[in-house]
Amino acid sequence: MADRKQRFTGPIVGVDLGGTNMSIGVIDEKGKIVGRTRRKTKAAEGREKVLTRIVEGIERACEDAKLSIKDIEAAGIGAPSAVDWDKGSVIHAGNLGWKKVPLRDIMSKKLDMPVVVDNDVNVAAFGESRLGAGKNRGDLLAMWIGTGIGGGMILNGKLWRGPFYTAGEVGHVVLFPGAGPGHRTLEDHCSRTALVRSMMMLLGHYPDSMLREFLNKEKDDEGKPDPSAIGSGVLAECYSKGDPLVRKVVDASAELLGLTIANLTTVMSLQTVVLGGGVSEALGKPYLYRVRESFERVVFPQTLQRCEIVPSQLGDDAGMLGAALLARETLSEEK
């Protein structure tokens, strides 16, 4: 690797690597995105093809920023997996098909620059703590409610990963231990996948539900209604128009989410909880209100009702920004 005697105050690349898409941005010294691109991950093509697409995406983002890749001081990558922080290794990214991949070292060689790798929701939480809804708020828990549910924690100004690098896996908190597989955890009940599954199970009892219109627009290979047509935007539209099925399922999930946040706050005495992800962002204030109601009924002691539950400010850019900011801060501390 070339010797880069830098203070890490120049442009840094942030990569939010997902199982379906990757978002890549060039971040300047003020935390502003000056160039970006978005690409399909295409994990089925294999690891090397994905890594090549990351490099190509970084080059494209640099072009958008009117920079050369040689102008970039470092890169930060948020990966959809627990990450061995000391080794920069992806432990198990199921949606990528990766196990024990030394992503930091591989990408550092490919890019000829220092690289920092962490969990995707960790870096999103870090971004919110530095530039977004958690800025100047102290300790926080960030939860992303989307296709699945993930979390990240900032304690004493630092990301808390835990000794096994898995801290923040809130989606796997067990709510109903006696239930069957697929019906036990927070993710099983409150992710978008879970919401759609519940609505499909109940749809027969709601003949006038607006969901039927959306389902009839898309058919699967067998000509049947395709549940994948029900995205977060569809849920938000149906909810805002008072669809009884959507309201029933969404309100029940918000109740469980508020309960979980209350339990975590009771244990950790948190000041702030940031909610992000497609479901939370699409449903907006009504959803947040339902979560807050449930939270206040359960949290103990009462003084913890002062904990603020706030929406993400960075939205889809949280991971990209957080990865870049984490790289800058980590590498600057090391020097």
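Residues numbered from 1 in each chain as written. Predicted model: local features only at pLDDT ≥ 70, side-chain atom pairs only at ≥ 80, totals over all residues. Heavy atoms only, no water.

Visitor: Can you walk me through the sheet that holds strand S7 (residues 98-101) in this structure?
Guide: Each strand in a sheet pairs with its neighbour through backbone hydrogen bonds, running either in the same direction (parallel) or in the opposite one (antiparallel). The strand order across the open sheet formed by 3 strands is S5-S6-S7, and the pairing between neighbours is antiparallel. Bordering the open sheet on either side are strand S5 (83-84) and S7, each of which pairs with just one other strand. (Pairing = 2+ DSSP bridges. Helix = DSSP H or I, 4+ residues; strand = E, 2+ residues; numbered from the N terminus.)

Visitor: Looking at this model, I keep getting lost on the nonpolar core. Mind explaining?
Guide: Most often, soluble globular proteins have nonpolar side chains that are buried together. The biggest cluster of nonpolar side chains holds 46 residues, and the ones touching the most others in it are Met143 and Leu257. Considering each element in turn, this core owes the most residues, 9 residues, to helix H8 (residues 244-268). In this structure Met143 touches Gly150, Gly151, Val170, Leu186, Leu257, Ile261, Val273, Val274, Leu275 and Gly276, once residues within four positions along its chain are discounted. (Core = buried A, V, L, I, M, F, W, Y, C linked by side-chain atoms within 4.5 Å. Buried < 20%, exposed > 50% of the residue type's maximum accessible area, 1.4 Å probe, protein only. Contact = heavy atoms within 4.5 Å.)

Visitor: Mind showing me how you'd approach helix H2 (residues 103-111) here?
Guide: Each α-helix winds once per 3.6 residues, and so residues spaced three or four apart point in a common direction. When H2 is considered as a whole, its buried residues turn out to be Leu103, Ile106, Met107, Ser108 and Leu111. The first or second residue beyond H2 is Asp112, which carries a positive phi of 60°.

Visitor: Honestly, the layout of surface pockets in this entry has me stumped. Any pointers?
Guide: Where empty space is left in the structure can be found by rolling a water-sized probe over the atoms. Reported here for the largest pocket is a volume of approximately 1300 Å³. Elements represented by at least two residues in the lining of the largest pocket include exactly strand S1 (12-17), strand S2 (21-27), strand S6 (89-93), helix H3 (120-131), strand S9 (140-145), strand S10 (149-155), helix H9 (278-298) and helix H10 (318-334). A total of 4 residues in the lining of the largest pocket trace back to one element, the largest contributor, which is H3. Along the walls of the second largest pocket sit 13 residues, with His189, Ser198, Leu202, Val249 and Ala252 positioned nearest its centre. Contributions of two or more residues to the lining of the second largest pocket are made by helix H4 (186-190), helix H5 (192-202) and H8. Here the residues of the lining of the second largest pocket sort into 6 nonpolar, 4 polar and 3 charged. (1 Å grid on protein atoms, 1.4 Å probe; cavity = no way out; pocket = protein on both sides within 12 Å on 5 of 7 lines; lining within 4 Å. Points joined across faces, edges and corners; volume = space filled by probe spheres on them. Nonpolar A, V, L, I, M, F, W, Y, C, P; charged D, E, K, R; others polar.)

Visitor: What is the right way to look at the confidence of the model for the protein chain in this model?
Guide: Any residue range with low pLDDT should be treated as having predicted coordinates unsuitable for detailed reading. In this model, the protein chain carries a mean pLDDT of 94, and residues with pLDDT of at least 70 account for 96%. Below a pLDDT of 50 lies the segment residues 1-5, which in the model reaches 13 contacts outside its immediate sequence neighbourhood of four places, other chains included. (pLDDT = per-residue confidence, 0-100.)

Visitor: Before we go on, may I ask you to explain the packing of helix H1 (residues 47-64) against H2 in this structure?
Guide: Packed helices, taken two at a time, are described by their axes: the angle between them and the distance between them. Running from N to C, H1 and H2 cross one another at 50°; their axes reach a closest spacing of 11 Å. Relative to H2, the element H1 is oriented oblique. Classified by chirality, the crossing of H2 by H1 is right-handed. Side by side, H1 and H2 meet where Arg47, Glu48, Leu51, Ile54, Val55 and Ile58 of the first sit next to Leu103, Ile106, Met107, Lys110 and Leu111 of the second. Tallied by class, the residues present in the contact of H1 with H2 amount to 8 nonpolar, no polar and 3 charged. (Axes fitted to C-alpha atoms, helices over the stretch in contact; angles between N-to-C directions. Parallel < 35°, antiparallel > 145°, perpendicular 65-115°, else oblique. Left-handed = near helix turned anticlockwise from the far one by under 90°.)

Visitor: Would you explain H1 in this entry?
Guide: Here H1 spans 26 Å end to end across 18 residues, near enough to the 26 Å set by a 1.5 Å rise per residue. Within H1, burial applies to Val50, Leu51, Arg53, Ile54, Val55, Gly57, Ile58, Ala61 and Cys62. Here the buried face of H1 lies against S1, S2, strand S3 (33-40), S7 and H2. With its phi angle positive at about 60°, Lys66 sits one or two positions after the end of H1. (Expected span 1.5 Å × (residues − 1).)

Visitor: Help me understand the pairing of S2 in this model?
Guide: Two faces make up the sheet, and in a regular strand the side chains alternate between them. Here S2 lies mainly inside the structure; 6 of its 7 residues are buried. As judged from the 6 bridges shared by S1 and S2, these two strands associate in the antiparallel manner. Bridge pairing in S2 links Ile12 to Ile27. Note that S2 and S3 share 7 bridges and pair antiparallel. In the strand pairing of S3, Ser23 is matched with Arg38. Two successive antiparallel strands, S2 and S3, enclose a turn made up of 5 residues, where Gly31 displays a positive phi of approximately 85°.

Visitor: For this particular structure, what's the right way to read the sheet that holds S10?
Guide: Here we have 5 strands laid out as an open sheet, ordered S11-S10-S9-S12-S13, and mixed in their pairing. Unpaired on one side and paired on the other, strand S11 (158-160) and strand S13 (308-311) mark the two borders of the sheet. Strand-to-strand twist of the sheet, defined as the mean angle between neighbouring strand axes without regard to direction, takes the value 25°. In this sheet, S10 lies alongside S9 in antiparallel orientation, the contact comprising 6 bridges. Bridge pairing in S10 links Met143 to Gly151. Packing against the sheet, H9 makes contact with S9, strand S12 (272-276) and S13, and its axis sits at approximately 165° to S13.

Visitor: Looking at this model, I keep getting lost on the environment of Leu159. Mind explaining?
Guide: With respect to the secondary-structure elements, Leu159 resides in strand S11. According to the relative accessible area criterion, Leu159 is buried, its value standing at 9%. Along the primary structure Leu159 and Met143 are separated by 16 residues, whereas in three dimensions their C-alpha atoms are 14 Å apart. If sequence neighbours within four positions are ignored, Leu159 has contacts with Asp118, Asn122, Phe126, Met153, Ile154 and Leu326.

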